[in-house]
Amino acid sequence: MSALSCDTLPESRARQRADVDKGFPENLAETAPPRPAWAAESPLLQAEHVTHLFGPEQGCQDVSFTLYPGEVLGLVGESGSGKSTLLAALSGRLPPEAGHVRYRDGKDWLDVHALGEARRRTLLRTEWGFVEQNPRDGLRMSVSAGANIGERLMAQGARHYGKLRQAALDWLCRVEIDPDRIDDAPGRFSGGMQQRLQIARNLVSCPRLVFMDEPTGGLDVSVQARILDLLRNLVRELGLAVVLVTHDLAVARLLADRLMVMRRSRIVEAGLTDQILDDPQHPYTQLLVSSILKV
Amino acid sequence: MDAILKVSGIGKRFVLHRAQGTVLTVLEGIGFALFPGECLVLSGHSGAGKSTLMRILYGNYLASHGSIRIRHGGEWLEMVGAEPRQILALRRHTIGYVSQFLRAIPRVTALDVVMEPALLRGYARKTAQWKAETLLARLNIPERLWHLAPGTFSGGEQQRINIARGFIAPWPVLLVDEPTASLDETNRRVVLDLIAEAKAAGSAIIGIFHDRAAREAVASRFLDLENACAHIEGDAFHAA
């Protein structure tokens, strides 16, 4: 790390959990704590009976859930179970045949699929992020690493070249890419570096909600650990809400607060991550969990 | 003094769909109240359901029926049927758990593993680090190991990392599953001191100890699970 020290990075936002955690005394003897505020806290995203089918049991049907700020929701299940279709519908890419996806913007609830194209694109570029399994799908391969990171900031109106470059340098540092590579095209990066660049490109605008489709899917195991560690820390530091699609239950255990298990287009079981993995109730989840080789 | 935890009619049945729907009834009709400053020791032979009860109290296993009410931020929260985010909030503030085995994550150092609960609680990084270092030193983990990932540590070292993690923040309810199992006499002493200090500070502790001397040293009272319908050993799902 030559050009820039990691110590100069700006302080990151604290995890947005203030409401949930307010008023818990440090000293056990202290009393009169207030009402637990998770009751009052507002959700960020709501799916209501979201359905999109390409054929019988292909796609997703009747999916409903609520996601809160700072929460990481894992979608697990075999390939073909409809995880990616659901992700596309949730992230505004695929209009569902039935049901609604609502996103809270301040005090207003937006129906994601009823928004105009321009508004939805703005949302996707500012408050939302999307990390693709294949970084080449999420990066602009023809421009430099620095330009990839700066793009979202420019879409938000940033024009000052020095500041854009500084933000790019900071983020390269945060995702453990040598800042000296800022002018290189992503095509010259390894797969793991490309994935880290894609993460930086998405998180630079401090989104509130990030969709991830198998973010470590195409990578070597040794590279995976680094990406997972990075994601785990960034998600906490930035207080991101995440919808994470993965078929890898170890990845789910590491990153997700709670899980939804998909099978043949339906959610068959949902709950706290470790509870689903350690005490699965549905026959399919039991099959899924018992099929993993324990290392 | 008011109870911190009220358990009534808790039962646990495992339905093993992969084994022709075999039903294993592990616990039935468990009930007790737990008060601040006491240590309730679960007794019963291996496989009596002690760890299963612990896991239910931590929200890791689902109770098949019954009620677990816990005082959380001044209100009673029913854990059976609670939302995941409510359980997670409980785990940040109200219930600590020292599991039998450390789940090591690649690249995460011993110090970070220990600091995590304190950071989630909202401690400043410096405070969390100071507390973590103090505990690691007290548990005789050599300083050269603090900045390494504990995946390659010995069983006893991993267990001490896990214990430091469990004791870094004060908990209204603390669950400890065999915390002294693979420790030498010196470190066993440290762990028993940590438990005594937590009791004195007002934590209510539920513990499993196979070691009789440890059990007698910390127990305020016992809950016998001997006749609580135990038919299987340990981790029921994976064992089946």
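None of the values given here were measured: they were computed from a predicted structure.

What counts and how
Residues numbered from 1 in each chain as written. Chains lettered and ligands numbered in written order. Predicted model: local features only at pLDDT ≥ 70, side-chain atom pairs only at ≥ 80, totals over all residues. Core = buried A, V, L, I, M, F, W, Y, C linked by C-beta atoms within 7 Å. Buried ≥ 20, exposed ≤ 12 C-beta atoms within 10 Å, placed from the backbone. Helix = DSSP H or I, 4+ residues; strand = E, 2+ residues; numbered from the N terminus. Contact = placed C-beta atoms within 7 Å. Pairing = 2+ DSSP bridges. Axes fitted to C-alpha atoms, helices over the stretch in contact; angles between N-to-C directions. pLDDT = per-residue confidence, 0-100.

Draft legend 1. Representation of the nonpolar core in the model. In terms of nonpolar packing, the biggest core is built from 139 residues, with Val242(A), Leu244(A), Val114(B), Ala164(B) and Leu175(B) touching the most fellow members. Ranked by the residues each element gives to this core, the list is headed by helix H3 (residues 110-121) of chain B, at 6 residues. With residues up to four places along the chain from it excluded, the contact list for Leu244(A) reads Val72(A), Leu73(A), Gly74(A), Leu75(A), Met212(A), Leu255(A) and Ala256(A).

Draft legend 2. Geometry of the environment of Ala158(A). Residues and elements named next belong to chain A. Inspection of the secondary structure assignment puts Ala158 in the loop between helix H5 (145-155) and helix H6 (161-174). For the pair Ala158 and Glu237, spaced 79 residues apart in sequence, the C-alpha separation works out to 23 Å. Residues in contact with Ala158, not counting those within four places in the same chain, are Leu153, Lys163 and Leu164.

Draft legend 3. Main features of the sheet that holds strand S1 (residues 5-16) of chain B. All names here are of chain B. Reading across the sheet, the 4 strands line up as S2-S1-S4-S5 and stay open at both edges, with antiparallel pairing between neighbours. Looking at which strands have only one partner, the edges of the open sheet turn out to be strand S2 (22-34) and strand S5 (75-78). In this sheet, adjacent strand axes meet at a mean angle of 25° when their direction is disregarded. Where S1 lies against S2, 9 bridges are found, and the strand directions are antiparallel. The residue of S2 that forms the bridge with Ile10 is Ile30. Together, S1, S2 and strand S4 (65-72) form the strand contacts of helix H1 (residues 50-57), whose direction differs from that of S2 by roughly 65°.

Draft legend 4. Summary view of the environment of Tyr103(A). All names here are of chain A. Along the chain, the position of Tyr103 falls in strand S4 (residues 98-105). Spatially, the C-alpha atoms of Tyr103 and Arg253 are 26 Å apart, while their sequence positions differ by 150 residues. Ignoring any residue separated from it by four or fewer positions in sequence, one finds Tyr103 in contact with Leu44, Leu45, Leu110 and Val112.

Draft legend 5. Representation of the confidence of the model for chain B within the structure. Residues and elements named next belong to chain B. Averaged over every residue, the pLDDT of chain B is 91; residues scoring 70 or more account for 94%. Counting interchain partners and residues more than four positions distant, the pLDDT-below-50 stretch residues 230-240 has 28 contacts. Both confidence scores are given for the complex: pTM 0.88, ipTM 0.91.

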